[in-house]
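Each chain is listed here by its residues.
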Amino acid sequence: MKRSARITIHPEALQHNLKRARECAPNSKVFSVIKANAYGHNSVATAGTLYPNTDAFAVSCVPEAVVLREGSIDLPIKILQGHQNNDDLNIAADLNLRLMVHEERQLTLLDQYSNKGKKNHRFDITLKVDSGMHRLGFQPDRIHDLYTKLKNHPHVNPDNLMLATHFSSADEPDKETTLDQVKTFNKACEGINAPKSLCNSAGVLVWKDAHADWVRPGIMLYGSSPFSDKDKDSDSFDLQAAMTFEAPVISVHTLKKGDCIGYSATWQCPKDMQVAVIACGYADGYPRHAASGTPVWINGKTTELLGRVAMDMIVVNADDHKENPIKVGDWAELWGKNLSVDSIAEKAETIPYEILCNAGNLRQA
Ligand SMILES: Cc1ncc(COP(=O)(O)O)c(C=O)c1O
């Protein structure tokens, strides 16, 4: 989509953040999670940037992995949702993809697998344990039997069979939930000698005892903190923003005390004041629910959003920029190197994941 707003991706920040993940989990291998087009950062470009320093990649579904293979990415790729049908199995065999198995139907598909070209293919499988998130995975009491079945399955590579689970609340370190999940997972896997994987970014950053053989960082690679607490922000973990989102100023003018700004007139000027209009709105992926007061970085300092976010425009306070006045043609940073996307997410009552995916993927469509 061609628009005035622009996105810049910072490869050196992606590399730095991966290094941080490695420093936090020095004894684990890393699946860099680059699903949803690398959270809006472009999956092929991101994979190319992380390539020398990651052990493997993880995406949601087979089509996402096809894009990576077409982009000449040849490291192992794990499909977090596994295969959905026989076509997925055929593609996974051809492209050598690793599959997650989390439900009965996927086992049946494996049992029935037949591919003329690769009829003896053995898949690299990860068995998913539902340790308490209750989204995907088999119940803990089935894991031993299923592991044995897969270990002896004619279409499973017994040397690369793994076990994994996913945390529901790792971003809430004060809750017992994660410890309970770790205990449940460890009990389900007791006595099974296979590589194990539990941790997303929050796990990498604070649940050190759960790092195990492989970690799966996602959001931290893009420079954002998975936590909402202020003492666990991206700076505190030394993460760098991998995306900068900017848009130009298209008007600067003075409003009178009492004038209201934007749709539904939700913000009223408390005095005569200068405002600037920036060519960026929810059509560009700027969150529509960002409230008045959301920070915007322009000409070396922070100002604030005034009134509602429209499809193509936002209005900001230009009154406090006396030393470096805002002019038409200046570029505002909506988030990036100077302004954490986490602070925008908080003001929009959402999470940085959603903002990065929306803006990044819209801008590249
Ligand atoms: C199974 C799995 N592992 C790891 C991740 C990465 O999570 P995060 O981006 O919070 O690090 C995700 C993302 O949702 C996931 O679904």
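Anything mentioned here points back to the structure above.
Predicted model only: the values in this text are computed from it and were never measured.

Parameters and conventions
- Residues numbered from 1 in each chain as written.
- Predicted model: local features only at pLDDT ≥ 70, side-chain atom pairs only at ≥ 80, totals over all residues.
- Helix = DSSP H or I, 4+ residues; strand = E, 2+ residues; numbered from the N terminus.
- Buried ≥ 20, exposed ≤ 12 C-beta atoms within 10 Å, placed from the backbone.
- Contact = placed C-beta atoms within 7 Å.
- Near = placed C-beta within 6 Å.
- Nonpolar A, V, L, I, M, F, W, Y, C, P; charged D, E, K, R; others polar.
- Arc of directions from axis to C-beta.

Undergrad: How should the environment of T350 be read in this particular structure?
TA: Within the secondary structure, T350 is located in the loop between α10 (341–347) and α11 (352–363). C-beta crowding within 10 Å serves as the criterion here: with 15 such atoms nearby, T350 is assigned to the partly exposed category. The spacing of T350 and L305 is 45 residues in sequence and 17 Å in space, taken between C-alpha atoms. Look past the residues within four positions of T350 in its chain and what remains in contact with it is P287, H289, A345 and I355.

Undergrad: For this particular structure, what's the right way to read the site of the ligand?
TA: Taken together, the residues surrounding the ligand are V33, L80, H166, N200, S201, R216, P217, G218, I219 and P226. Residue composition of the shell around the ligand, by class: five nonpolar, four polar and one charged.

Undergrad: Explain helix α5 (residues 86–95) here, please?
TA: Owing to its 3.6 residues per turn, the α-helix brings residues three or four apart onto one side. Those residues of α5 lying buried are D88, L89, A92 and A93. Down the axis, α5 shows its buried residues gathered within 135 degrees of arc, on one side only. If you follow the buried residues of α5, they end up packed against α4 (62–70), β5 (98–101) and α6 (104–111). Following α5 by one or two positions, N96 has its phi on the positive side, about 55 degrees.

Undergrad: Teacher, can you tell me more about the environment of C269 here?
TA: In this fold, C269 is placed in the loop between β12 (267–268) and β13 (273–278). Accessibility expressed as a C-beta count within 10 Å gives 18 for C269, which makes it partly exposed. For the pair C269 and G117, spaced 152 residues apart in the sequence, the C-alpha separation amounts to 70 Å. Apart from the residues lying within four places of it in its own chain, the contact partners of C269 are L255, K256, K257, G258 and D259.

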